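Remarks on the overall topology
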Amino acid sequence: MSSQRSYSFSRQVLINGIRDGIPIGLGYFAVSFSLGIAARKAGLSPFQGFLASLFNNASAGEYAAFTLIAANAGYLQVAIITLIANARYLLMSCALAQSFFTGHVRFSTVFSLVTIVTDELFGITIARPGWLNPYYTYGAILVAAPAWSIGTALGIIAGNLLPLRAVSALSVALYGMFLAIIIPPARKSRVVAGLVAVSFFLSFICSYLPGISTLSDGTRTILLTVLISCAGAIMFPVKTEEENADVQ
C-alpha cells in the first residue's frame, strides 16, 4: 500500500470505522449516563456535562474530576488529578503516532487523533493491519464521541427530573462503573489487586490521621495516587519483552 493511498479519503474505510464504533458508542452511552449522575451531584448543568465529556473522553478522569468538583476542590487540584488519571493516554498516543507512515501525514491529523484517543478506540485502531488510515478512526469517533457526550447530558437531566430515591438508586451504577475499571486488571495481576486494596486502606486511614485529615479530599487523593503508583512502579517494575525472552 502506497503512502499516498494510505492517507487518501476512503468511503469504505470511513464506513468500517463507523461500523466498529457503534458497539463502542453504545457502551459509552451507558457508562456516561451513570457518569451524568455524578456530574449532577457536582452541580453541572446538562450543557456543562456535555462539554466536559466532549473534551475529556475518559470515564476515570471525568469521575475523578466530578468528585473533586463536588468536594469544592480548586482548579489546580482538578487539573492535576485529571492529568494523573489520564496519563496512560500519553503512551497510547505515542504508540498510535507510530502507526502513520513517517513523513507522509500532517501534524494536524496526528494531533486530532491522539487528543481524542480512548482505550477502546486505541484498541480497534492499533489492531488495523498496515499503515493507519485516519479516516477509520474518524469514523469510529463520529459514533463514539457524541454517544459519550449526549449520555452524560441525559444523565444530568435524568438526575434533575427523577425523584431523590431514584437518583440514589442510579448512583449505585457509579460503583459498578468503578468496579468495571479496577476488577479486570486486578484479576490479571496480583500486584494491581494488592495496590488497589492498599489504596482503599490508606485512603480510609488518611481521613482520620491528624494533619493529613485536615487536607481536602482532592489533595489527599492526588498525594495517595502519586505515592502508591510510584511505590508500585519501583517495587514491581514491568518487564519488557526482551527481559521476558532472556528469562525464558
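Note that the coordinates shown come from a computational prediction; the quantities given were computed from them, not determined experimentally. (Residues numbered from 1 in each chain as written. Predicted model: local features only at pLDDT ≥ 70, side-chain atom pairs only at ≥ 80, totals over all residues. Heavy atoms only, no water.)

Details of the confidence of the model for the protein chain
When the pLDDT values of the protein chain are averaged, the result is 77; 79% of them are 70 or greater. Confidence, read as mean pLDDT per element, is least for helix α1 (residues 3–7) in the protein chain (48) and greatest for helix α3 (residues 46–55) (90). In this model, residues 1–6 is a region of pLDDT below 50 whose contacts with residues beyond four sequence positions or in other chains number eight contacts. (pLDDT = per-residue confidence, 0-100. Helix = DSSP H or I, 4+ residues; strand = E, 2+ residues; numbered from the N terminus. Contact = heavy atoms within 4.5 Å.)

A few points about the packing of helix α2 (residues 11–41) against helix α4 (residues 59–70)
Taken N-terminus to C-terminus, the directions of α2 and α4 make an angle of 15°; their axes are 8 Å apart at the nearest point. As judged from the angle between their axes, α2 and α4 are roughly parallel. Note that α2 runs across α4; the crossing there is left-handed. In this structure, α2 uses V31, L35, A38, A39 and K41 to contact α4, whose residues at the interface are S59, E62, Y63, F66 and A70. Broken down by class, the residue content of the contact of α2 with α4 amounts to seven nonpolar, one polar and two charged. (Axes fitted to C-alpha atoms, helices over the stretch in contact; angles between N-to-C directions. Parallel < 35°, antiparallel > 145°, perpendicular 65-115°, else oblique. Left-handed = near helix turned anticlockwise from the far one by under 90°. Nonpolar A, V, L, I, M, F, W, Y, C, P; charged D, E, K, R; others polar.)

Overview of the side chain of T82
Secondary-structure assignment places T82 in helix α5 (residues 75–85). Within the structure, the side chain of T82 is placed 2.7 Å from the backbone oxygen of V78, a separation counted as a polar contact. When residues no more than four places from it in sequence are discounted, the contact partners of T82 are N56, G61 and A65. (Polar contact = N/O pair within 3.5 Å; in protein donor to acceptor, adjacent residues only side chain to side chain.)

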